[in-house]
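So you can see what is in the structure, the chains are spelled out below.
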Amino acid sequence: MTPARAGHHYITVKDTIIKLDSVRDKKLLRIKSPSKPANKNNNARNIAGAPSNSLNAKNDTTPSAGGLKSLVKAVAEDSSYVDNDNKISYWFGKARVTYEDFELDAEYIRVDEKKHLIFARGAIDPKTRRYIGRPLSKSGNDKPVASDSLLFDYKTKKVKIWNPASEQDGNFISGGQAKRINEDEVAYRNVIFSTCDLPFPETHFGIVITKGIGQKKRIISGPAYLEIAGVPLPLGVPFGFFPKPDSRSSGVILPTFGEDQKLGFYLRNLGYYIGLNDNLDLTTMATLYSKGSYEINTNARYLKRYKYGGSLTLSYGSHNYGLAGDPAVKDFNIAWSHTQDPNANPGTTFSASVNAGTSSFYRNSPGQNNYNLTQLTQNNLRSSISYGKTWANSPFNLSVSLGHSQDLTQKTVTLELPTFSFNMATLSPFDSKDRVGEQKWYQRITVGYSLVGTNKLSNVPEAELFKANTLTKRLQNGLQHQIPVAFNATFLKYFQFNTGANYTERWYMQSIRRRFDRGTTAGQVLPVTDTVAGFVRNGEYTLNAGISTKIYGTIPFKKGNIKAIRHVSTPSISFNYRPDFGDPSYGYYRTAVSSATVPYPYYAQRYSIFEQSVYGGPSAGKQAGIGFSLDNTIEAKVKAKSTDTSGVDRKIPILQGLTISTFYNFAADSLKLSNISLSGHTAILNQKVNINFSGSFDPYVTRVRDSISNGQVTNYIRRINRYSWQDGKFPLLQSFSFSMSGSLNSATFRPKAVPPVGSTMQTMDPNQAQRLAMINSDPGAYIDFNIPWNIAINYSFNYNNQITSSSSSNTVMLSGDVSLTSKWKIQYNSSYDLKARKITDATSFAIYRDLHCWDLSVQWLPFGFYKSYNVTLKVKASILQDLKLSKRSDYTNNQNFN
């Protein structure tokens, strides 16, 4: 059976209904042996069969006298046809042609050796009637260009493309015609320049360039106009320049306009971006208000690949929320984050997370943080800069850190300048590395060591932080050494025994002395605390021993799916001893006594000279007692499901932990038994909902007495040395807490898929890391529409009993999101106070609409002081992030909020 000709295209053996074997049915197919010479007719066919019914053909043109430097190589999966008279070859079915650094793939390719032309196009699928196999061409390091058809002169390397489609850094060019003039320039005609990745004519919006020249980094355009959804708009320019950046470039950041009820009209985020190099860039933005307020923000980002990366932000604001003429409130903030690649310097780590500034910065400058409710309502700021060093083949390690903690409500600052820790891993000093056989009892003894030190300023008011005498008078420092010694062993096969001692010594350069002065008000005695400079030390030690075991109990079931329930109980008894370091012989505690004046008696107060030291001092009171704790776990053994081919029984936890503990101090003169503590946790619904609870019980009898003070009757509480069960009563519940939390989504009930390469922090490439950094800076910029719904519930209940009064809280917190369609998603976050029967002010809603090339987002805070809404329509492409429309009602406009 010979192929039938249809124009220039031949129907091959592959297209027949009956599939014949190329060896067994050689005569029927009339295929000539490959060893025989080819047909010498003017028109020859080059067809070769393959066992897989896939026809392959190859042809290498010979360099002509014109001086071609390379060969044109071609191959096709379906068939090929050569016109030897005109030196034209035709390639059908996933054809591929390469010439030097030019690569071309298409459904149909024609190579004209005389004219040095290569033509390529797609084909219409006879079943789907779709245009398939579009040409995909690539030159050198340029990105691939798709098109409907193209014509390439491989001698001059000029290319003419119909309906091209290419992308570079979020810019897409499609439609019209493109002609490559030389290595650096391309002529365009009626192409669409857009950030929409849909090809022409599905492009949602773009700029139609009627005529233009494309260069490496820009397009120089003639007449151009805006087109949305295929409809041209009467918005055009006679000429223009459009960026095609292949690297960072500097430029102006366009501002947004709006009005604030108190600050007036504003021009927000007017700035300039400077791309200093591939490792560093700088962004400076300012916001100006018509009533004189302003904000300035400078952000520097840096990245050294495989070394380190981070960002530094300096913000300053001057606002006048009062009357005209009132002084403006000055605010500033410093934010720095730095991370180091752990492989850059093995054994050494360095990281920084700094967030510091004035306490009113976030409240007075909400626009700088996009009116983020979490930042507006936060109560504290924390910073940490840390360095760590581990010595190889050594038990020693060192860490040094600078710390900052700021209470925005109290307007106080705590600084650690710096804190260091030097540690030695526990060693077995009596054991040998070359030991053979089991350890002797003395070889089980372990010893460790740790040293910590700090220079600390505690709770300094912001107004006094930078005063000259702050460091000299309020700086506290100290060193603390700890040496733990431990011994562990197993005896009688089932009992675990442990004992040990811990010695702690602290060194300070100051201590305190306390005295009483008679106040100006009659009868009032005021304590005065003096700081005494000079080296002082204190030391304390504790001894402990303990024994524990496990007790197992099983209840079997002969019927039903439950085969057995197992209970594991872990009782432990410990002994603890600590001397009374409040004894006057140690000198750690002193007594301040006031002068007695008629008719007022004297006052006496016992205090520790290390009360205000950074690591404190030894505790007063002797302790020698026994501690008891009992831990319980309960789990069920269930038959395997019928669908489980392994047949292995399942273990389902019922109670993952229930612990009861207390302590009895023999050395105390009364009230020797401590409160009884109860805590537990478990999980239900296949470990998807976690439950935690805890409580405290007072074992002693409590009496309530009346007293008269200032003509009013008041109650006071007194515990007596008598157990409540002696009176037939259960111990008094002092506190109880219960919480339940769970998170469910549509993916919870589906098996987890293996994450693809590049989808995790460990496998992402630098471009993905850069995009992730952009998402982290604006979490609303990324919405996962692949999860149809997600819900997180957290219920908490707290109860406190002060005998004469009690308090409780009962709250449900709900957050999550739901995808109404593949393009619509709603996010929510709210909490409900069951006791007060109202929704709390921390309630927010967000609506997102995926418009392919655009994003529509609506944020709504319906309650409270920060009640507001924000509607934003913006372009997805990073290069046009400033192209957006916004409608906002700021929280400062609440009196006009509708």
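Residues numbered from 1 in each chain as written. Predicted model: local features only at pLDDT ≥ 70, side-chain atom pairs only at ≥ 80, totals over all residues. Heavy atoms only, no water.

Let us look at the environment of Tyr 387. Checked against the element boundaries, Tyr 387 lands in strand β33 (residues 380-390). Sequence separation between Tyr 387 and Ser 399 is twelve residues, and the spatial gap between their C-alpha atoms is 5.6 Å. The residues touching Tyr 387, leaving out its near neighbours within four places in the chain, are Thr 348, Thr 349, Phe 350, Leu 398, Ser 399 and Val 400. (Helix = DSSP H or I, 4+ residues; strand = E, 2+ residues; numbered from the N terminus. Contact = heavy atoms within 4.5 Å.)

Core analysis: the biggest nonpolar cluster contains 28 residues, and Ile 109, Val 111 and Ile 118 have the highest contact counts within it. If you list the elements that add at least two residues to this core, you get β5 (73-76), β7 (88-99), β8 (102-112), β9 (117-121), β14 (149-153), β15 (158-162) and β19 (186-194). For this core, the leading source of residues is β8, giving five residues. Sequence-distant contacts of Ile 118, defined by excluding residues within four places in its chain, comprise Val 72, Val 97, Leu 104, Ile 109, Arg 110, Val 111, Leu 150, Leu 151, Phe 152 and Tyr 154. (Core = buried A, V, L, I, M, F, W, Y, C linked by side-chain atoms within 4.5 Å. Buried < 20%, exposed > 50% of the residue type's maximum accessible area, 1.4 Å probe, protein only.)

The next subject is the pairing of strand β56 (residues 854-861). Bridge count for strand β55 (residues 844-851) against β56 is seven bridges, and the pairing is antiparallel. Its bridge partner being in β56, Asp 850 is matched across the sheet by Asp 855. Hairpin connection, β55 to β56: the antiparallel pair is bridged by two residues, and His 852 has positive phi, about 65°. (Pairing = 2+ DSSP bridges.)

Below, the discussion takes up unusual backbone geometry. The omega torsion across Leu 417 and Pro 418 is -15°, close enough to zero to call that bond cis. Along the chain, Pro 418 falls in strand β35 (residues 412-427). Despite not being glycine, Asn 190 shows a phi value in the positive range, around 55°. Relative to the assigned elements, Asn 190 resides in strand β19.

Let's shift gears to the confidence of the model for the protein chain. Put simply, the protein chain has an average pLDDT of 80, and 80% of its residues get 70 or more. Predicted confidence is poor over residues 1-67, with pLDDT under 50, and the contacts of this stretch with residues over four places away or in other chains come to 87 contacts. Here residues 770-782 scores under 50 on pLDDT; set against residues more than four positions off or in separate chains, the count is nine contacts. (pLDDT = per-residue confidence, 0-100.)

On to the side chain of Asn 299. Looking at the element boundaries, Asn 299 is found in strand β29 (residues 294-304). For Asn 299, a relative accessible area of 18% corresponds to the buried category. There is a polar contact of 2.7 Å between the side chain of Asn 299 and the side chain of Thr 313. Residues in contact with Asn 299, not counting those within four places in the same chain, are Asp 281, Leu 282, Thr 283, Ser 311, Leu 312 and Thr 313. (Polar contact = N/O pair within 3.5 Å; in protein donor to acceptor, adjacent residues only side chain to side chain.)

Counting buried residues along β14, four of its five residues qualify, which places the element largely inside the surrounding structure. Sheet topology places β9 next to β14; five bridges connect them, and they run antiparallel. Each residue of the ladder has a partner; that of Ile 118, found in β14, is Phe 152. Alignment of β14 against β15, held across five bridges, turns out to be antiparallel. Along β15, the bridge assignment pairs Leu 151 with Lys 160. The hairpin turn running from β14 into β15, its antiparallel successor, is four residues long, and Lys 157 in that turn takes a positive phi close to 60°.

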